[in-house]
Amino acid sequence: METVVSGIRSTGNLHLGNYFGALRNFIKMQHENRCFFFIADYHSLTTHPDPKLLHHNVRQVLSEYLAAGLDPEASTIFVQSDVPEVTELYLLLNMHAYVGELEKTTSFKDKIRQQKNNVNAGLLTYPTLMAADILLHKANKVPVGKDQEQHLEMTRNFAKRFNSLYSVDYFPEPTAYNFGSELVKIPGLDGSGKMGKSEGNGLYLFDEPAVIRKKVMKAVTDQGPTEPNSVKHEAVENLFTILKVVSTPDTVAYFEEKHNNCEIRYGDLKKQLAEDIIAVTEPIRERIFDIQNDAEYLHKVVNMGAEKARESASKTVAEVREIMGFKKF
Ligand code: TRP
């Protein structure tokens, strides 16, 4: 049993790539590990979100994750800003985080190019806050993608530095939770590359069936195979990749055969694909609406999560204070 911490960005709707990527693994791992999942709303402040939207975004993201299957009984699901202990650990860790190393972080260098007029100290210390999120629960595993590996490495450095400075063996050095072959990469429908929000090619769990049908029917294909058993064009391969995760093996085999003997009609493939995607997304979409409108349920989930998270957080902060030499009069 590992202790797992994962921060979820507080904006953006879930798309099929998220769902069949990390999310399905989260859903599985929450029953085998001690998991903490939180909506990273403090982190979002580095871009100065509109106060009128902040809560709405957190609520939306939370509803979608719950609808997709994160289980508040099996894991600890909370909102970052409901656990103020993280801000204290962040402050303490910042005393051992060097400006030089923070300035060298790839994500910081990217951000200062993107938001030249708002190079705030929160951006610089983003990795310390992320380290505080992780170390607060003494996690040893963090499910992160490539883009977060540097932040995780910095977390290990902060943990090691703290341990060695105070001659303790206190913080574990967390490593990436590797899903291995379980991690399916969902491509976009525009011919190449992966599905993503910034790519503008997302099929969202939140999309109505008519929207999904429309997006799938517009997917890029080729002229059709001209020789039996020919290799599929990348765009066509992408449709099959999605078909494999949403359809039955029989359906996949049927269209494979049609492609192999050059009888495939992409219109038929797309129609089937759209319906099978809808079969996955529609129940989730309905649950998103139900949960969003159930203020009482959301209130209960968030409070329960905050309580569980604060229990572990306050223990860590008390121990860290003691190690650093704070004493009560
Ligand atoms: N930085 C992460 C991202 O952009 C989100 C995040 C914040 C996180 N704190 C974390 C992820 C702690 C894992 C652990 O996706």
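Residues numbered from 1 in each chain as written. Predicted model: local features only at pLDDT ≥ 70, side-chain atom pairs only at ≥ 80, totals over all residues. Heavy atoms only, no water.

Turning next to the pairing of strand β2 (residues 34-40). Regular strands have side chains that alternate between both faces of the sheet. Here β2 lies mainly inside the structure; six of its seven residues are buried. Since strand β1 (residues 3-9) and β2 lie parallel, the crossover through helix α1 (residues 16-29) that links them has a hand, and here it is right-handed. Pairing geometry for β2 and strand β3 (residues 76-79), over four bridges, is parallel. Residue pairing in the sheet places Phe-38 in a bridge with Phe-78 of β3. (Buried < 20%, exposed > 50% of the residue type's maximum accessible area, 1.4 Å probe, protein only. Helix = DSSP H or I, 4+ residues; strand = E, 2+ residues; numbered from the N terminus. Right-handed = clockwise from strand over helix to strand, strands pointing away. Pairing = 2+ DSSP bridges.)

Attention now goes to the layout of surface pockets. Its volume calculated, the second largest pocket comes out at about 200 Å³. Taken together, Asp-41, Leu-54, His-55, Val-58, Arg-59, Leu-62, Val-79, Ser-81, Asp-82, Leu-298, His-299 and Val-302 make up the full set of residues lining the second largest pocket. Per-element accounting of the lining of the second largest pocket gives the leading share, five residues, to helix α3 (residues 51-68). Across the lining of the second largest pocket, the residue classes break down as six nonpolar, three polar and three charged. (1 Å grid on protein atoms, 1.4 Å probe; cavity = no way out; pocket = protein on both sides within 12 Å on 5 of 7 lines; lining within 4 Å. Points joined across faces, edges and corners; volume = space filled by probe spheres on them. Nonpolar A, V, L, I, M, F, W, Y, C, P; charged D, E, K, R; others polar.)

For the rest of this paragraph, the subject is the site of the ligand. Surveying the vicinity of the ligand reveals the residues Val-5, Ser-6, Gly-7, Arg-9, Phe-38, His-43, Tyr-126, Met-130, Asp-133, Ile-134, Val-142 and Gln-148. Within the contact set of the ligand, a nitrogen atom lies 2.7 Å away from a side-chain nitrogen or oxygen of Tyr-126. Residue Gln-148 places a side-chain N or O atom 2.8 Å away from a nitrogen atom belonging to the ligand. Taking 370 Å² as the accessible area of the ligand by itself, protein coverage stands at 93%. Listed by contribution, the elements that provide at least two residues to the shell around the ligand are β1 and α8 (126-135). Tallied by class, residues from the shell around the ligand come to six nonpolar, four polar and two charged. (Near = heavy atom within 4 Å. Polar contact = N/O pair within 3.5 Å; in protein donor to acceptor, adjacent residues only side chain to side chain. Areas by Shrake-Rupley, 256 points an atom, 1.4 Å probe, with all protein chains shown as cover.)

On to helix α10 (residues 209-217), then. Residues of α10 that are buried include every one of Pro-209, Ile-212 and Val-216, and no others. The buried residues of α10 occupy one face: seen down the axis, they fall within an arc of 60°. In this structure, α10 carries Ala-210 and Lys-214 as exposed residues pointing more than 90 degrees from its buried face. (Arc of directions from axis to C-beta.)

Looking now at the environment of Asp-71. Tracing the chain through its elements places Asp-71 in the loop between α3 and β3. For Asp-71, a relative accessible area of 25% translates into the label partly exposed. Counting along the chain gives 118 residues from Asp-71 to Leu-189, while the straight-line C-alpha distance between them is 31 Å. If sequence neighbours within four positions are ignored, Asp-71 has contacts with Gln-30, His-31 and Ile-77. (Contact = heavy atoms within 4.5 Å.)

A pair of packed helices is characterised by two quantities: the angle between their axes and the separation of those axes. The N-to-C vectors of helix α4 (residues 85-94) and helix α14 (residues 295-324) enclose an angle of 30°; their axes lie 9 Å apart at closest approach. Classified by the interaxial angle, the pair formed by α4 and α14 is roughly parallel. Here α4 and α14 pass one another in a crossing that is left-handed. Counted together, Glu-85, Glu-88, Leu-89 and Leu-92 of α4 and Arg-310, Ala-313, Ser-314, Val-317, Val-320, Arg-321 and Met-324 of α14 form the full contact between these two elements. For the contact of α4 with α14, the class distribution of residues is six nonpolar, one polar and four charged. (Axes fitted to C-alpha atoms, helices over the stretch in contact; angles between N-to-C directions. Parallel < 35°, antiparallel > 145°, perpendicular 65-115°, else oblique. Left-handed = near helix turned anticlockwise from the far one by under 90°.)

Okay, the environment of Arg-310 next. Within the element layout of this structure, Arg-310 appears in helix α14. Separated by 45 residues in the primary sequence, Arg-310 and Arg-265 have C-alpha atoms spaced 56 Å apart. In contact with Arg-310, other than residues within four places in its own chain, are Asp-82, Val-83, Pro-84 and Glu-85. Within the local environment of Arg-310, its side chain forms a polar contact with the side chain of Glu-85, the two groups lying 3.1 Å apart.

A few words now on the nonpolar core. Of all hydrophobic cores here, the largest spans 54 residues; its most connected members are Tyr-19, Leu-23, Leu-70 and Ile-277. Residues lining this core come from more than one domain, with at least three contributed by each of domain 1 (3-184 + 295-324) and domain 2 (209-289). Filtering out sequence-adjacent residues up to four positions away, Leu-23 remains in contact with Leu-14, Asn-18, Tyr-65, Ala-68 and Leu-70. Counting residues in each nonpolar core, the second largest holds 36 residues, with Phe-78, Leu-129, Met-154 and Ala-309 among its members. (Core = buried A, V, L, I, M, F, W, Y, C linked by side-chain atoms within 4.5 Å. Domains from an automatic or database assignment.)

Moving on to the domain arrangement of the chain. The domain architecture assigned to the chain consists of domain 1 (3-184 + 295-324) and domain 2 (209-289). Measuring from the centre of the C-alpha atoms in domain 1 to the corresponding centre in domain 2 gives 36 Å. Listed as interface residues are nine residues of domain 1 and, on the opposing side, nine residues of domain 2. When the buried surface of domain 1 facing domain 2 is broken down by residue, Leu-16, Phe-20 and Ala-67 rank first, second and third, together holding 60% of it. Linking domain 1 to domain 2 there are zero salt bridges. (Buried area = accessible area lost by both parts, 1.4 Å probe. Salt bridge = Lys/Arg side-chain N within 4 Å of Asp/Glu carboxyl O.)

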